[in-house]
Amino acid sequence: MNFYLPGNVWFLFLLVPLILFYFLKLRRPELKIPSLVLWRRVMNDTRVNSPFQRFRKNILLLIQALLLLLLILGAMQPYWRGESAKVKRIPVLIDCSASMGALSGQGGVSCLEIAKKRVREIVAGLLPDQEVCIVSFGRTARKRTGFTNDKRLLLDALQQIEVEEVQSEIEDALRMVQALGQSAPFDEVLLTSDGNFPPRVSFELPFKLNFERVPQSGSNFGITALHASRSSSGYWDVFVIVEGSQKAQNTATLELIRDAEVIGREHLTLTSGQARQMLFQVPAKEAAFLTVKLALDGFDSLQSDNIAFLSLPTMRPLSCYVAGSMVSCSRALQGMEGIDIRLDSVPAAAGTGYDLVVTDRVQDLSIEGKTCLYTGIVPPDLQKLVSVERGGSEVVDWSGSSPLLRHVEWSDVAMLDQPRTAEGVSEIDLENLGYEVLVHGNRGPLLLEKKEGEKISFYLLFHCDRSTLPYRVGFPVLMHNLVQIALHQAGLAEARAAQTGVLPPLKLLPQQSYSVSGPNSTRHEKTDDRGVLAGLPATSVGEYVVSLAGAEQMRIGASLLSSSETFLSYTEEIHFNELSVRTAPVSVRTDQSLWRYFALLAFCLLLLEWWFFHKPLRSWK
Amino acid sequence: MVQQSKPQVTSLLSNDVLGRLERLRINATRLFTSKSRGEHLAGRGGTSVEFSDYRDYTPGDDVRFVDWNIFARLHRPYLKLYEEEEEIHVAVIIDTSSSMMFENKFELARQLGAAFGVMGLLGGERVSVFAFGGRERGSMRLPPATGRASMLKLFAFIENLQGGGSVQIEEGLYDFLRRQSGRGVVAILSDFLTSADLRRPFNLLFSAGLEIFGVQILGPQEIDPQVTGDTRLVDSESRHTLDVSSGAYLTSLYQEYRAAYESYLKENCQKRCGHFLSVSPKDSLEYILFSLFRHRGWVK
């Protein structure tokens, strides 16, 4: 036991006046009795029999001295030293991701409640010079309080922390804490979590991390994946994957609901370690909003992963604009199914672009397309950096991992054009402008990729018709890859359920104020010039309805769909860049303040004294 | 016509009690050899008019006691034996020290002293009263008196007794023994609260031919004390103080000691052919005299 204010030991000198006053001022009520004969014998006997009788004679003094000692001990601010050195300032990271909402059992408490209880104990034991900062984190970190020892503020902040049905990301929280350390230095950080996050964290740990893991919760099964892919028969193939935590076995019913109508039902027997994948076929004639519900027969510790949502667009052909001069490309595209090719057909209205634009004309740069392939065109913003000359060029290297160049061989491609970079221009300058070089020539880049919002543009800096590329085996593969990219960009190839955290960007009317109603709250957001509504937080699983002036415009669902959260897996050791942190085998003990116990003892002693010594004295007369 | 109530003879005893006391006598069990004859019947043969027994005549016996009627019929001399009526000395010792001035102890002592005196006087015994307590005023003594006529003198003496003082009982007994003459019974009315050993004064009383009737008078608070909290007890006689902190343990220990002291007094009285009894002022006088004393065989 240590003392925060040991200087208060000088108050022990108060014992001197206490004793003096006791003997000077003590007025025992006198009781005249016939004779002391018997009482003397009794007292002699009690003194002989009990070594404490000497004290019992002055028991009032003894109690008063004990009372004073307890008060002085309380004033000295005693505390039990924790495992580490005395902590002055400590940030507390509380994991509030979806897995922290898992219950320990039927009618049990959640992991978050256990973590909050632990932090409450820490707050209750705060010494006057100790400060705590509470940071909660799910997918992102949120500072609940600054460094303070205001217990009410801390407890209020603690009370407000609720489970966010998102996947856990510890790195963001650590970076926030690191930033906090710039203004208020500290040596230790307390992390309270169920350990359900990636074991490897790319972070340079500048402080000591005490990782306190809450007890593991019960068994759990949930939906970990939900997506749909386009089938050739006019249907969406909807895939649902159900997985469970370790040491769990259960039976369940999985329902696929389309617009409040159950269109598919599966009865499952679930075993831990085995992922059950179910396939449903949904007609693709019109858009649909699917809900998948998993109803388990036994106990399931986490409810948020038992439901998932999927929005399916209407299936249609890929609209493709091809310049009339792009003979090789148009022929390659015409051989593919599901593509609506329009040669030199410029759309009448602005904003109704194509899914795929293939052109070699500079004036076609204004045609809107979600995926564009420009050949023999140098982007306007690169014209000072890159020029195309005659003379031929050779392919030096290409990025095989790019979706466009998958399975495409470039080594034997010959071309008449020679794209070359200006003097002193490097690849980094191109990257700074948002371009990625996919194919490198001997004088400069041959193929560039640029992503602008939802649009992907590929720039073939040489004209493919003046090269041997159309005659290579890889050309139709290249075009197929391009179509696949265009299908993905147009949302026609597959549909994936949106995960909680942040909703995907929504394409709406520009400069309009929309209200987004989620399971727990309603937000009002304004779209940008392009009509994109992005960055909408979705911390709860459920449906989010986008409305304009009260009229529903769009409905989108956010689902947990996280294997790690559903597995309720935990890591015993977090690996950072240079070191590892193991979970504490027992609760990390911080300094425990003891003054309240001494005060309570003193109060009890006071009551005892009152009870024993303040009864009315009877008369002998 | 209104019947006037009979005036009280004494404030100590009611007329009713006095009337009942006339029929009671102190039942002394020891043999006394007083030269004077009283109404007290000794167990041996005597010269009273009350027949006791016959025995064979032996040479030297007083022929005046030969039963001539039996001799005429049987032709053998038989001697008539009579109860001896002897006069005993009834000494009443009353403790008037300060310790007796609590809870009507002194009042009860005076009443019991008067009762013993009345029983002695009406029994034809010599009755003396000895009171001790105050050092300044010294001990007070009513010289031996006999006969019903002495009753008023007895009452006056006891009524005029003053309480207070610090004389211990053993000092009072020694003082009494110095002035005492004659055998008989001694009624000691005191609380017997002394730290001294009372065996020696009891021995001296026994040796003086006195049968002890010890009556310990303790107040209700002495029998069952209620001391609470930190208390300073003050001795009424010595003014000495004793600080106690009450508790159930202390009270129970006190009870043990009081019971042991009572047993000690009783044992030492009985060893000397005496009697001992502990009474309390909360007991009525009638109960003590006519129930307790009779059942214990103190009076008959």
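All residue numbers refer to positions counted from 1 along the written sequence of the respective chain. Each chain gets a letter, beginning with A, and each ligand a number, beginning with 1, in the order they are written. The predicted nature of this model means local features are confined to residues of pLDDT at least 70 and side-chain atom pairs, given and counted, to a pLDDT of 80 or more, with totals for whole chains, interfaces and linings taken over all residues.

## Things to note about the overall build of chain A
Secondary structure elements are defined from DSSP: runs of H or I of at least 4 residues count as helices, runs of E of at least 2 residues count as strands, and each element is numbered from the N terminus. Each helix and strand counted, chain A has twelve helices and 37 strands in total. Exposure is read from a count of other C-beta atoms within 10 Å of each residue's own; the residue is exposed at 12 or fewer, buried at 20 or more and partly exposed in between. C-beta atoms are placed from the backbone. For chain A, the residues scored as buried account for 35% of the 621 residues in total. The contacts in chain A between residues at least 6 apart in sequence include a share of 71% that link residues at least 24 apart. Contact between two residues is assigned when their C-beta atoms, built from the backbone, lie within 7 Å.

## Some points on the overall build of chain B
For chain B, the helix and strand inventory stands at nine helices and ten strands. Per-residue burial for chain B yields a buried fraction of 40% across its 300 residues. The contacts in chain B between residues at least 6 apart in sequence include a share of 78% that link residues at least 24 apart.

## Notes on the confidence of the model for chain B
The pLDDT value expresses, per residue, how confident the predictor is, ranging between 0 and 100. Residues at a pLDDT of 70 or more form 89% of chain B, whose mean pLDDT is 85. With a pTM of 0.52, the predicted complex shows an ipTM of 0.80.

## What about the environment of His240 of chain B?
Its place among the elements puts His240 of chain B in the loop between strand S8 (230–235) and strand S9 (241–245). For His240 of chain B, a count of 11 C-beta atoms within 10 Å translates into the label exposed. Apart from the residues within four sequence positions on either side, His240 of chain B is in contact with Leu36 of chain A together with Asp235 of chain B.

## Concerning the interface of chain B and chain A
Contacts between the two partners involve 31 residues from chain B, matched on the other side by 27 residues from chain A. When contributions to the side of chain B that touches chain A are tallied by element, the ones reaching two or more residues are helix H7 (220–223), S8, S9 and helix H8 (248–271) of chain B. For the side of chain B that touches chain A, the class distribution of residues is twelve nonpolar, eleven polar and eight charged. Pairing between strands requires that DSSP locate at least two bridges from one strand to the other. In this structure, strand S2 (residues 30–33) of chain A lies alongside S8 of chain B, joined through four bridges in parallel fashion. Of the residues in S8 of chain B, the one forming a bridge with Glu30 of chain A is Arg232 of chain B. Residue classes follow a fixed rule: Ala, Val, Leu, Ile, Met, Phe, Trp, Tyr, Cys and Pro count as nonpolar, while Asp, Glu, Lys and Arg count as charged, and any other residue, Gly among them, counts as polar.

## Digging into the packing of helix H5 (residues 169–179) of chain B against helix H6 (residues 199–207) of chain B
Residue and element names in this part refer to chain B. Lines fitted to C-alpha atoms define the axes here, with helix axes fitted over just the stretch in contact, and angles between the N-to-C directions of these axes take values from 0 to 180 degrees. Orientation of H5 relative to H6, taken along the N-to-C sense of each, is 20 degrees, at an axis distance of 10 Å. Judged on the interaxial angle alone, H6 and H5 are roughly parallel. Seen along the crossing, H5 lies across H6 with a hand that is left-handed. Listed contacts from H6 to Glu170, Leu173, Tyr174 and Leu177 of H5 are Pro201, Leu204 and Leu205. Split into classes, the residues belonging to the contact of H5 with H6 amount to six nonpolar, no polar and one charged. Working rule for angles: under 35 degrees goes down as roughly parallel, over 145 as roughly antiparallel, 65 to 115 as roughly perpendicular, anything else as oblique. Helix crossings get a hand from a simple test, with the near helix turned counterclockwise from the far one by less than a right angle marking a left-handed crossing and a clockwise turn marking a right-handed one.

## Brief notes about the sheet that holds strand S9 (residues 221–230) of chain A
All names here are of chain A. Reading across the sheet, the four strands line up as S13-S10-S9-S25 and stay open at both edges, with antiparallel pairing between neighbours. Because the sheet does not close on itself, it has two edges, and the strands there are strand S13 (276–283) and strand S25 (494–496). Taken over all neighbouring pairs, the strand axes of this sheet differ in orientation by 20 degrees on average, direction set aside. Pairing of S9 with strand S10 (residues 235–244) involves nine bridges; the strand directions are antiparallel. For Arg230, the partnering residue across the bridge sits in S10 and is Trp236.

## What to know about the environment of Arg258 of chain B
Relative to the helices and strands, Arg258 of chain B resides in helix H8. Expressed as a C-alpha distance, the spacing of Arg258 of chain B and Ile223 of chain B, which sit 35 residues apart in the sequence, is 7.6 Å.

## Notes on the nonpolar core
Note on definitions: a nonpolar core is a set of buried residues drawn from Ala, Val, Leu, Ile, Met, Phe, Trp, Tyr and Cys, linked by C-beta atoms within 7 Å. In this structure, Val92, Leu93 and Leu310 of chain A are the most contacted members of the largest nonpolar core, which totals 82 residues. Examining the composition of this core, we find that six residues originate from one element, helix H5 (residues 111–124) of chain A, more than from any other. In terms of nonpolar packing, the next biggest core, distinct from the first, is built from 73 residues, Ile93, Leu108, Phe132 and Val244 of chain B among them.

## Re the sheet that holds strand S7 (residues 188–193) of chain A
Residues and elements named next belong to chain A. Pairing is mixed in the open sheet, where five strands are placed in the order S6-S5-S4-S7-S8. Since the sheet does not close on itself, it has two edges, and those belong to strand S6 (141–143) and strand S8 (208–213), each with one partner. Mean inter-strand twist for the sheet, computed between neighbouring axes without regard to direction, equals 25 degrees. Along the sheet, helix H7 (residues 170–183) contacts strand S4 (89–95), strand S5 (131–137), S6 and S7; its crossing angle with S5, the most-contacted strand, is approximately 150 degrees.

## Quick notes on unusual backbone geometry
Phi at Gln511 of chain A is positive, roughly 55 degrees, even though this residue is not glycine. Of note, Gln511 of chain A is situated in the loop between strand S28 (506–507) and strand S29 (513–517). Using a count of 11 C-beta atoms within 10 Å as the deciding quantity, one classes Gln511 of chain A as exposed. One non-glycine residue, Phe192 of chain B, lies in the positive phi region at around 55 degrees.

## As for the pairing of strand S24 (residues 455–460) of chain A
All names here are of chain A. When you tally the buried positions in S24, you get five out of six residues, the bulk of the element. Relative to S24, strand S19 (residues 369–375) runs parallel, the two sharing five bridges. The partner of Thr375 across the bridge, within S24, is Leu460. Where strand S23 (residues 445–452) lies against S24, six bridges are found, and the strand directions are antiparallel. Each residue of the ladder has a partner; that of Leu448, found in S24, is Tyr459. Taking the residues between adjacent antiparallel strands as the criterion, S23 and S24 are bridged by two residues, where Gly453 takes a positive phi near 65 degrees.

## Description of the confidence of the model for chain A
Residue and element names in this part refer to chain A. Overall, the prediction assigns chain A a mean pLDDT of 84, with 91% of residues at 70 or greater. Within chain A, the element-level pLDDT minimum falls on helix H3 (residues 53–57), averaging 55, and the maximum on S24, averaging 94. Predicted confidence for residues 616–621 stays below pLDDT 50, and this span has eleven contacts to residues more than four positions away or in other chains.

## Topic: H5 of chain B
Residue pairs spaced three or four apart in an α-helix point in one direction, given the helix's 3.6 residues per turn. Residue and element names in this part refer to chain B. Among the residues of H5, Ile169, Gly172, Leu173 and Phe176 are the ones counted as buried. The buried residues of H5 occupy an angular sector of 100 degrees when the element is viewed end-on, so they sit on one face. Residues of H5 that are buried sit in contact with strand S3 (89–95), strand S4 (126–132), strand S6 (184–190) and H6. By definition, the arc is the one covered by directions from the helix axis to the C-beta atoms.

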